[in-house]
Amino acid sequence: MTRLAEATLPQGDLRLLETGVAQRLLHSTELARVAYVAKDGTPRVFPMLFHWTGAEIVLSTFGGLKVRALRARPGIAITIDTATTPPSALLIRGNAEVTEVEGIVEEYAAAQRRYAGEEQGAANVAAVDRPGTTMVRIAVRPAWVGVLDFVTRFPGGTTPDEFARRGQ
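Heads up: these notes are all about the structure in this document.

Conventions we followed
- Residues numbered from 1 in each chain as written.
- Predicted model: local features only at pLDDT ≥ 70, side-chain atom pairs only at ≥ 80, totals over all residues.
- Heavy atoms only, no water.
- Buried < 20%, exposed > 50% of the residue type's maximum accessible area, 1.4 Å probe, protein only.
- Helix = DSSP H or I, 4+ residues; strand = E, 2+ residues; numbered from the N terminus.
- Contact = heavy atoms within 4.5 Å.
- Core = buried A, V, L, I, M, F, W, Y, C linked by side-chain atoms within 4.5 Å.
- Pairing = 2+ DSSP bridges.
- Salt bridge = Lys/Arg side-chain N within 4 Å of Asp/Glu carboxyl O.
- Axes fitted to C-alpha atoms, helices over the stretch in contact; angles between N-to-C directions.
- Parallel < 35°, antiparallel > 145°, perpendicular 65-115°, else oblique.
- Left-handed = near helix turned anticlockwise from the far one by under 90°.
- Nonpolar A, V, L, I, M, F, W, Y, C, P; charged D, E, K, R; others polar.

**Things to note about helix H4 (residues 106-116)**
And step 1. All of the buried residues in H4 are Glu107, Tyr108, Ala109, Ala110, Ala111, Gln112 and Tyr115.
And step 2. Close packing links the buried residues of H4 with strand E2 (43-48), strand E3 (51-52), strand E4 (57-61), helix H5 (118-128) and strand E7 (134-148).
And step 3. Where H4 terminates, the next one or two residues include Gly117, which has phi positive at roughly 90 degrees.

**Re the nonpolar core**
And step 1. Counting 34 residues, the largest nonpolar core has Leu26, Phe50, Ile57, Leu59, Ile78, Ile80 and Leu90 as its most contacted members.
And step 2. Broken down by element, the residue count for this core peaks at 5 residues, all from E7.
And step 3. Leave out the neighbours within four places in its chain, and Leu59 touches Ala32, Val34, Met48, Leu49, Phe50, Ile76, Ile78, Val136, Arg137 and Ile138.
And step 4. Counting residues in each nonpolar core, the second largest holds 6 residues, with Val105, Tyr108, Ala109 and Val125 among its members.

**What about the pairing of strand E5 (residues 75-81)?**
And step 1. In this structure, strand E1 (residues 32-37) lies alongside E5, joined through 4 bridges in antiparallel fashion. For Val34, the partnering residue across the bridge sits in E5 and is Ile78.
And step 2. Sheet analysis places E5 next to strand E6 (residues 89-102), joined by 7 bridges and oriented antiparallel. By the bridge assignment for E6, Asp81 is matched with Ala89.

**Quick word on the pattern of salt bridges**
And step 1. Taken as a whole and judged by the stated rule, the model has 8 salt bridges.
And step 2. The closest approach of N and O atoms between Asp81 and Arg33, which form a salt bridge, is 3.8 Å. On the criterion of sequence distance, the pair formed by Asp81 in strand E5 and Arg33 in strand E1 is long-range, its members being 48 residues apart.
And step 3. On the basis of relative accessibility, which here comes to 35%, the residue Arg33 falls in the partly exposed class.

**Focus on unusual backbone geometry**
And step 1. A cis amide bond, omega -5 degrees, links Thr85 with the succeeding residue Pro86.
And step 2. Here Pro86 lies in the loop between E5 and E6.
And step 3. Here the phi dihedral of Phe150 falls at roughly 60 degrees; this positive angle occurs in a residue that is not glycine.
And step 4. Residue placement: Phe150 occurs in the loop between E7 and helix H6 (160-165).

**Some thoughts on the packing of H4 against H5**
And step 1. It is at 7 Å that the axes of H4 and H5 come closest, and there the two elements cross at 140 degrees. Judged on the interaxial angle alone, H5 and H4 are oblique. Where H4 crosses over H5, the two elements pack in a sense that is right-handed. Contact with H4, carried on its side by Tyr108, Ala109, Gln112, Arg113 and Ala116, involves Glu118, Gln120, Gly121, Asn124, Val125 and Val128 of H5 and no other residues of that element.
And step 2. Class assignment for the residues of the contact of H4 with H5 results in 5 nonpolar, 4 polar and 2 charged.

Shape is all these values report; function is a separate question.
Pasting the structure below:
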């Protein structure tokens, strides 16, 4: 997809997952910031390692309050972004599919290798892989996608000139 074609896709279009910005972030070692609504109705955000399968963002955990909350209210928002200038951000919305897995979630091991390297990733997995280990696989198939790069794509769908004039 050309940069011009990328710039003309509307926010929300799933084809934005194919853009250079999205692909860089999906294969990066940036953390996913995951937002959901807790049991008490308040919003929560937590950072997590993630793995992109090509169709789903998979988050792996050992359970807890967020799992119960996601089972009750599966709506989820995910941001993967950089702390660079200009920043890049991939925004994803969808529903979480929560599944208990006996042993280590395959995508957890893949994420550990991507974030920490082969040797340290294997050591990280070995440290938690014990008989009786149960993990939770949280899979999110994107239903809405947004991309911001602050070069061609800006918040609110503004053009570079409109964005530059903000606050003047």
